[in-house]
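Each chain, letter by letter, is given below.
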Amino acid sequence: MIERKSADLVVLGAGPAGMAAACAATESGAAVLVVEREERAGGILKQCVHDGFGLVRYGEKLTGPEYALRDAATLRAMGIPVMYDTFVSRVARDGDGFILHCVNRDGITELRARALVLATGCRERTDRQVFIHGDRPAGVYTAGLAQYLVNVQGLKPGRKAVILGSGDIGLIMARRLCLEGVEVEGVYEIKNEPSGLSRNVRQCLEDFSIPLELSTTVLAVHGRRRVEGVTLARVDDRLRPIPGSERELACDTLVLSVGLIPENELARSLEVPLDGVTRGPRVDQDMHTLADGVFACGNAVHVNDLVDYVSESGAVAGEAAAAWARGGRKARSLVPLKAGPGFLYAVPQFVDAASERPPTVYFRSNSTMPDGATVSATTAGGSVAFSRRWQALRPPEMERFTLPAGTAFADEAGLLLGLERSGR
Ligand SMILES: Cc1cc2nc3c(=O)[nH]c(=O)nc-3n(C[C@H](O)[C@H](O)[C@H](O)COP(=O)(O)OP(=O)(O)OC[C@H]3O[C@@H](n4cnc5c(N)ncnc54)[C@H](O)[C@@H]3O)c2cc1C
């Protein structure tokens, strides 16, 4: 038998983004239902036992579980219903709302909602996506999986580990494995600079004397049943292996930290337009995607390095989705917010001129700018709405600013974000 439920809005995912969205929407008076595929709320934070979460939002250094527990307690105190252990198998438009088919151990539930908030986080790239040759023996883990095994399951994934990629999870896992008595041979990064935050390079590698080798990659994995070693090679400035630079390294574990991709299967099935760089939906400053009634937040939109900003985007999405679902505002007046040369990307990609919310822009530079840069926002008519200098910019470090209230967006050409590098 199919159970039927309805709500003003359904939030998909009970990580920090989804919890913030659900709480903000409830505060705005909407009837909210959260669907979470795992048995508990908290998302990726549940396995992040290190500290460093919440510095912006709470001015405190919390662990991931501590940060998540605060939101989970608020969710409970507000009486927001959450369907745990529930997988959304299908989502489609239904009139001016949506219909979702959810599956859990009690059977199938059909949900109807006027708005959706996608807060499904991101997933890790695997060895298949970075073209490593050789067999597929046991002992190859993504960094998040290794983190789950150690921190949640209490398992030691191996004795001697090589870490490929210097993303934050790889750096954090290098330290974590070292603390658990695993011999960490080193972290190998194909680019000529680390992909993770500078503080993680210092605190996770330098403080533990774990070597970091740049411009180096893993070419092949050896071993049939279990990893026995890897072939490493240096790469040139076009990231091609340099012949003759290959060397073998014995290990029984290979941990991959080679990038995260927003989880957007459901957005695709709703034909929500995605951004080619962020791989998440293109949104306006209300975190409203280009598909009416579909909102998105957190790592489902772009990969964030600080959870505080994930929660910030969730609260915006929840409040705006509640207003949409309750019929507060329907007509949007979207103008582009274009990131010019020097940016890797900027979110949001659009501004809704009809929204009262001043846009908060999250961006990354496309290269390291150690002497800093000036970021500006200019209208097609040439008037500068915003200008500020940053001391230094690095692609791993996401930056953020809010455009002044009252900025005129009515021009169809929208706003151009400019980035002028200092010291050149
Ligand atoms: C290893 C690691 C270390 C980090 N360290 C720090 C740090 O030190 N400081 C800091 O501030 N930030 C840190 N971050 C970043 C921060 O934790 C993340 O940015 C944040 O957790 C992302 O939140 P989210 O809600 O967008 O996604 P997630 O936390 O991934 O939550 C998404 C949720 O959606 C659920 N879901 C997905 N698909 C579906 C579906 N189809 N149906 C139902 N549910 C679904 C998932 O089960 C999950 O619960 C770290 C991240 C990682 C991975």
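Residues numbered from 1 in each chain as written. Predicted model: local features only at pLDDT ≥ 70, side-chain atom pairs only at ≥ 80, totals over all residues. Heavy atoms only, no water.

Some remarks on the overall build of the protein chain
Secondary structure assignment for the protein chain yields 8 helices and 28 strands. Computed over its C-alpha atoms, the radius of gyration of the protein chain comes to 22 Å, within 12% of the 22 Å expected for a compact globule of 424 residues. Expressed along its principal axes, the backbone C-alpha trace of the protein chain runs to roughly 65 × 65 × 40 Å. In the protein chain, which comprises 424 residues, the share counted as buried stands at 53%. Taking the contacts inside the protein chain whose residues are at least 6 apart along the sequence as the reference set, 62% of them involve residues at least 24 apart. Accessible area for the protein chain stands at about 18900 Å²; split by element, carbon and sulfur atoms hold 50% of it. For the protein chain, the distance from the average site of its 49 positive side-chain charges to the average site of its 52 negative ones is 2 Å. (Helix = DSSP H or I, 4+ residues; strand = E, 2+ residues; numbered from the N terminus. Rg over C-alpha atoms; globule rule 2.2 N^0.38 Å. Buried < 20%, exposed > 50% of the residue type's maximum accessible area, 1.4 Å probe, protein only. Contact = heavy atoms within 4.5 Å. Areas by Shrake-Rupley, 256 points an atom, 1.4 Å probe, with all protein chains shown as cover. Lys, Arg positive; Asp, Glu negative; His and termini not counted. Charge placed at Lys NZ, Arg CZ, Asp CG, Glu CD.)

Focus: the domain arrangement of the protein chain
The domains assigned to the protein chain are domain 1 (1–124 + 260–329), domain 2 (126–258) and domain 3 (331–424). Summarising the inter-unit geometry, the C-alpha centres of domain 1 and domain 2 are found 32 Å apart. Listed per partner, the contact involves 11 residues of domain 1 and 18 residues of domain 2. Carbon and sulfur atoms make up 51% of the area that domain 1 and domain 2 hide from each other, which totals about 1100 Å². Together, Gln-47, His-50 and Glu-124 form the three largest contributors to the area buried by domain 1 at its contact with domain 2, with a combined 56%. The interface formed by domain 1 and domain 2 includes 0 salt bridges. For the pair domain 1 and domain 2, the number of links is 6 residue pairs in polar contact (both at pLDDT 80 or more). Split into classes, the residues belonging to the side of domain 1 that touches domain 2 amount to 5 nonpolar, 3 polar and 3 charged. (Domains from an automatic or database assignment. Buried area = accessible area lost by both parts, 1.4 Å probe. Salt bridge = Lys/Arg side-chain N within 4 Å of Asp/Glu carboxyl O. Polar contact = N/O pair within 3.5 Å; in protein donor to acceptor, adjacent residues only side chain to side chain. Nonpolar A, V, L, I, M, F, W, Y, C, P; charged D, E, K, R; others polar.)

Some words on the sheet that holds strand E17 (residues 247–250)
The strand order E10-E15-E16-E17 describes an open sheet built from 4 strands, whose pairing is mixed. Strands with a single pairing partner mark the edges of an open sheet, and in this sheet they are strand E10 (133–134) and E17. One ladder, built from 6 bridges, connects strand E15 (residues 216–222) with strand E16 (residues 229–234); its direction is antiparallel. Opposite Val-221, over in E16, you have Val-230 as the bridge partner. (Pairing = 2+ DSSP bridges.)

Some words on the pattern of salt bridges
One pass over the full model with this rule turns up 23 salt bridges. A salt bridge links Lys-46 to Glu-38; the nearest nitrogen and oxygen atoms lie 2.6 Å apart. Classification of Lys-46 as buried rests on a relative accessible area of 18%. Shared partners join several salt bridges into a network, and the residues in it are Arg-4, Asp-94, Glu-110 and Arg-112.

Re the packing of aromatic side chains
The final tally for this structure, using the stated rule, is 7 aromatic pairs. Consider the rings of Phe-343 and Phe-363, whose centres lie 5.5 Å apart with planes at 80 degrees: the pair is edge-to-face. Residue Phe-343 is found in strand E22 (residues 343–347), and its partner Phe-363 is found in strand E24 (residues 360–365); the two are separated by 20 residues along the sequence. Both residues of the pair, Phe-343 and Phe-363, belong to the buried class. Each residue in the set Phe-343, Phe-363, Phe-386, Trp-390 and Phe-401 is aromatic and connected to the rest through ring pairs, giving one cluster. Directly above the ring of Tyr-58 sits Arg-70, whose terminal nitrogen or CZ lies 4.6 Å from the centroid. (Phe/Tyr/Trp six-rings, centres within 6.5 Å; stacked < 30°, edge-to-face > 60°. Lys NZ or Arg CZ within 6 Å of the ring centre and 35° of its normal.)

A word on the site of the ligand
Surrounding the ligand, one finds 31 residues, the nearest of these being Ala-17, Glu-36, Ile-44, Asn-299 and Val-307. A distance of 3.2 Å separates an oxygen atom of the ligand from a polar atom in the side chain of Arg-37. Computed on the free molecule, the ligand has an accessible area of 1000 Å², of which 94% lies beneath the protein chains in the complex. In terms of residues, the shell around the ligand owes the most to one element, helix H8 (residues 307–325), which gives 3 residues. (Near = heavy atom within 4 Å.)

What to know about the nonpolar core
Within the largest apolar cluster, 63 residues are counted, with the highest numbers of intra-cluster contacts made by Leu-9, Val-10, Val-11, Val-32, Leu-100 and Val-117. Formed by 20 residues, the second largest nonpolar core is a distinct cluster that contains Ile-163, Val-201, Cys-204 and Val-255. (Core = buried A, V, L, I, M, F, W, Y, C linked by side-chain atoms within 4.5 Å.)

Here's the deal with the sheet that holds E24
With antiparallel pairing, 3 strands are arranged side by side in an open sheet as E22-E24-E27. Strands with a single pairing partner mark the edges of an open sheet, and in this sheet they are E22 and strand E27 (399–402). Taken over all neighbouring pairs, the strand axes of this sheet differ in orientation by 25 degrees on average, direction set aside. Alignment of E22 against E24, held across 4 bridges, turns out to be antiparallel. Bridge pairing in E24 links Phe-343 to Ser-365. (Axes fitted to C-alpha atoms, helices over the stretch in contact; angles between N-to-C directions.)

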